[in-house]
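Chain by chain, the residues run as shown.
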Amino acid sequence: MKNPLWKRLPKELAADLGKYLVIFLFMILSIGFVSGFLVAGKSMIATYDESFDKYNIENGNFEYKDEASSEAKRAIEDEGVKLYENYYYEKIVKKDGDESILRIFKNRTDVDKVCLMEGAFPAAEDEIAIDRMYAENNGIKVGEDLSVDGQTYKVSGFVALSDYSALFQNNNDTMFDSVLFGVAIVTDERFESFDKGLMHYSYAWIYDDEPEDEKAEKDVSDDLAKVISQYGEVEKFIPRYTNQAINFTGEDMGGDSIMVETLLYIIIVIMAFIFAITINNTIVKEAGTIGTLRASGYTRGELLAHYISLPILVTFVAAVIGNVLGYTVFKNVCVAMYYGSYSLTKYVTKWNAEAFVKTTVIPIVLMLVITAWMIYSKLRMSPLRFIRRDLSKSKRKKAVKLPHFRFFTRFRIRVILQNLPSYIVLFIGVTFAIVLLMFGMMMSPLLKHYQDETLDNMLADYQYVLKMPVETENKDAEKYLVTSLIYKTDIRDEEVMVYGISDDSKYSKVQPADGEMLISDGLRDKYKLKNGDTITLDKEYSSDSYKIKVSGVCTYPAALAVFMNEKTYREMFDVEEGYFSGYFSNEKLTDIDEKLIATVVTEEDLTKVSRQLDRSMGQMFYMFEVFALAMFMLMVYLLTKLIIERNTISISMVKILGYENKEINKLYLSATTWVMAVCVILGIILSQVAISGIYYVMMKEAISGWMTIYIAPYIYPAIFILAMAAYGIIAVFQVKRIKRIPMDEALKNVE
């Protein structure tokens, strides 16, 4: 026999169409975006993984100061590897008054092959193909002329170099830079015409037998490094497992998916609680009918199935439509986000069942479990209690005694106490929305603050690192000592710069005394160091290690660093008098041969982290803000609507007693306004605590280096104003709802 209860569902849906429609649309957008993100992410990760074989990506690379001899190549290849010349030049590009660096290779056909994204490979000596993302960030078009070191090239096409999916200029950089650094290819003839004195002698290797895992790869690469160092002066040695230009993309894409999935499940749980509270309210209103049905032979299971059917149906339909949109519209949006952050090769969409399970099956199961659990406890009561409308769980229902406040105040407090479960869910939802809103609002000011702090504390406008000591006639230049060491942690090997500063330095604000070792505030914050702690720093490509005892902390946000005076530095590293590593200068040094300069650190180099994060994630920050506000307004609308519905009879009764709509608004909406203000204030406080913890974990695991958390002071009042303004908009609709409640509603339900 067909269950007649099913006939009620269309009427129940029509009676509460506004609520179901709002939840339905919100769930479609949430599930659609997550589905699209997972499909795009899975496709990108699969394309990334396949690229290692498809493009024959290197197992590692190293760079000699000079070209490797035939003897060196034979000795290295005897270690079980195949060597490939991967020489390159770094040249200055000038466009619209801005300068950037292009790392130029030949068109690679054997190892680290090139994927053509648009246009054509260079065919003439005056043609060049450049990285797609670098081109987009600098407004360069195919067919356009480009000035490279004073030479004019025609951009023949856009490419993606398989070993530069993330554009790291230096492997130890905290963040890649796709604005001021790019890669490109030219013809073999053009490459051979460049000045050999500026060539970087880089070699890629492929193992004859691939190591089984990263541990085995580390052991093999360590042995290989020893052989390589015997036959030349090693400038760089980068096994693939440490190569950020190759690995950063794959590691980052996987982490994003987990975050987005978690976000979806939190939303589903909150929606389930809203549904459950709404249904419990319906059960209270229909208590007499339920008691009659139970007495007539209907089981708890049948009633439970009836009451949870609409939430499950709404979730199912939203999931199906959301997945359709995810595989079509949102997939393309998410793919564009990935291509906006990384120099990925061409991808092919991978259809997978995992995304369907995560965005359809799991949300439905969550909705089913939470709503069934919260509703079944009500339905366990006897039919007689339903008929009597005695649905209180406690044996004696006694009102909380309140102080002798004014009548309106006591009434509002009663409203709050009667609707406490709804307000608790409201508080949880509001806090979650504020966490998202604060995260979205804080990131751009944080990056700007980090950039300003970095520039305010930079040692000099130009920081030259030399390949060998060479004198300059520039009076502005000041000699200094520096070395790069490695701090080995469970998460990663962290680069730490160790500076030896002259006692009378006019550039450094840090003036360590003899024997003092001051660490940067970023190193302290990231690894929770304090005065008196000792850390061990290792020399890369060497067995040498050094003990650093923390004497104090200094402000230097540009890098993880240790500062000591020149005397202490020379004693620690056994450096002879007269030797120096480079110059600090506020003027460009023009009398030093470029071939003798290893690196020049400028303002652009120090701000690449903030610049790249703002470039690649700026749109996502705004999406967080919009999504958080939308969720906030949804929560407030649904729960304030529910509170008014639960008090419909009371509102009708006070209208009979002669209260005007304005006074009723003061009684009911004012109570919710109080609660809302308290929820927002507490939400802001809890959000700051939550974000501090999340930010620390995220920054410690996600990137090298450190950016101290900073929440701009204006964000707190801005969130409060935004939240209360959003509530004000919702309150206008609820005022109209109160006006529409008729006086005869109370008379219909008199028993």
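Values in this document were obtained by computation on a predicted structure and should not be read as measured data.

Conventions adopted
Once a new chain begins, its residue numbering starts again from 1 and follows that chain's sequence as written. Local features in this predicted model are restricted to residues of pLDDT 70 or higher, and side-chain atom pairs are both shown and tallied only at a pLDDT of 80 or more, whereas totals for entire chains, interfaces and linings draw on every residue. Here the side-chain values reflect all heavy atoms present in the structure, with hydrogen atoms and water set aside. We define a salt bridge as a side-chain nitrogen of Lys or Arg found within 4 Å of a carboxyl oxygen belonging to Asp or Glu. To qualify as a helix, a DSSP run of H or I must reach at least 4 residues; to qualify as a strand, a run of E must reach at least 2; elements of each kind are numbered from the N terminus. Under the scheme applied here, a residue whose accessible area is under 20% of the maximum for its type counts as buried, over 50% as exposed, and between as partly exposed, the area being computed with a 1.4 Å probe on protein chains only. Per-residue confidence from the prediction method is given by pLDDT, with values spanning 0 to 100. Here is the rule: rings of Phe, Tyr and Trp (six-membered ring for Trp) pair when centre to centre is within 6.5 Å. Planes less than 30 degrees apart are stacked, more than 60 are edge-to-face, and the remainder are tilted. By definition, being over a ring means that NZ of Lys or CZ of Arg is both within 6 Å of the ring centre and within 35 degrees of the ring normal. What makes a patch is a set of residues exposed beyond 30% relative accessible area and free of salt bridges, joined within 9 Å when like-charged and within 5 Å when nonpolar (Val, Leu, Ile, Met, Phe, Trp, Tyr). Residue-level accessible areas treat just the shown protein chains as cover; the underlying method is Shrake-Rupley with a 1.4 Å probe. Residue types Ala, Val, Leu, Ile, Met, Phe, Trp, Tyr and Cys, when buried and joined through side-chain atoms within 4.5 Å, form a set referred to as a nonpolar core. By definition in these notes, contact holds between two residues if any of their heavy atoms fall within 4.5 Å. The pairing criterion for strands is at least two bridges between them, as found by DSSP. All axes are obtained by fitting lines to C-alpha atoms, using only the stretch in contact for helices, and the reported angles, taken between N-to-C directions, cover 0 to 180 degrees.

A. Summary view of the pattern of salt bridges. With the rule as written, the count across this model stands at 21 salt bridges. Its salt-bridge partner being E192, residue K106 comes within 2.9 Å of it at the nearest N-O pair. Pair noted here: K106 is in strand β4 (residues 98-106) and E192 is in helix α5 (residues 188-192), with a separation of 86 residues, a long-range link. Assessed through its relative accessible area of 41%, E192 is described here as partly exposed. Put simply, E494 and K526 hold a salt bridge, and the shortest N to O gap is 2.9 Å. In this pair, E494 is assigned in strand β14 (residues 493-501) and K526 in helix α14 (residues 521-527), connecting sequence segments 32 residues apart. K526 carries the same exposure label as E494, and that label is buried. Through salt bridges with shared partners, a single network forms among K106, E192 and K196.

B. A look at the confidence of the model for the protein. Here the protein shows a mean pLDDT of 84. Residues at 70 or above account for 95%. When the elements of the protein are averaged for pLDDT, helix α21 (residues 744-748) gives the smallest value, 64, and strand β6 (residues 127-131) the largest, 95.

C. Quick look at the packing of aromatic side chains. Tallied over the entire structure, the rule returns 34 aromatic pairs. Here F62 and Y64 contribute two aromatic rings whose centre-to-centre distance is 5.2 Å and whose plane-to-plane angle is 70°, an arrangement assigned as edge-to-face. Note on accessibility: F62 and Y64 belong to one class, buried. Geometrically, the ring pair formed by F168 and F176 is edge-to-face, given 5.6 Å between the ring centres and 65° between the ring planes. For the residue pair F168 and F176, the accessibility class agrees, reading buried in each case. Each residue in the set F62, Y64, Y87, Y201, Y203, W205, Y207 and F237 is aromatic and connected to the rest through ring pairs, giving one cluster. Here K91 stacks its cationic end above the ring of F194, 4.4 Å away from the centre of that ring. The residue whose ring lies beneath R108 is F105, and the NZ or CZ to ring-centre distance is 4.4 Å.

D. Up close: a nonpolar patch on the surface. Among the surface-exposed residues, F356, V357, V361, V365, L368 and V369 lie close enough to one another that they form a single nonpolar patch of about 470 Å² accessible area. Mapped onto the secondary structure, L368 falls in helix α10 (residues 353-379). According to the relative accessible area criterion, L368 is partly exposed, its value standing at 38%.

E. Inspection of the nonpolar core at higher detail. Core analysis: the biggest nonpolar cluster contains 200 residues, and L102, I130, M271, L523 and V562 have the highest contact counts within it. Of the residues forming this core, the biggest block, 18 residues, is contributed by helix α13 (residues 420-456). Dropping the residues within four chain positions of it, L102 is found in contact with Y89, E90, K91, V93, I128, I130, Y134, L146, V148, G182, V183 and A184.

F. Examining the sheet that holds strand β1 (residues 60-64) more closely. Pairing in this open sheet of four strands is antiparallel, and the strands run β2-β10-β1-β11 from one edge to the other. The open sheet has two free edges, formed respectively by β2 (81-85) and β11 (234-239), since each of these has just one partner strand. The average angle at which neighbouring strand axes cross in this sheet is 20°, direction not considered. Pairing of β2 with strand β10 (residues 201-207) involves five bridges; the strand directions are antiparallel. Bridging from a neighbouring strand, V81 pairs with Y207 of β10. Those strands touched by helix α3 (residues 70-77) are β1, β2 and β10, and its axis lies near 145° from that of β2. The strands touched by helix α6 (residues 214-230) within the sheet are β1, β2, β10 and β11, with β11 carrying the most contacts at an inclination of about 165°.

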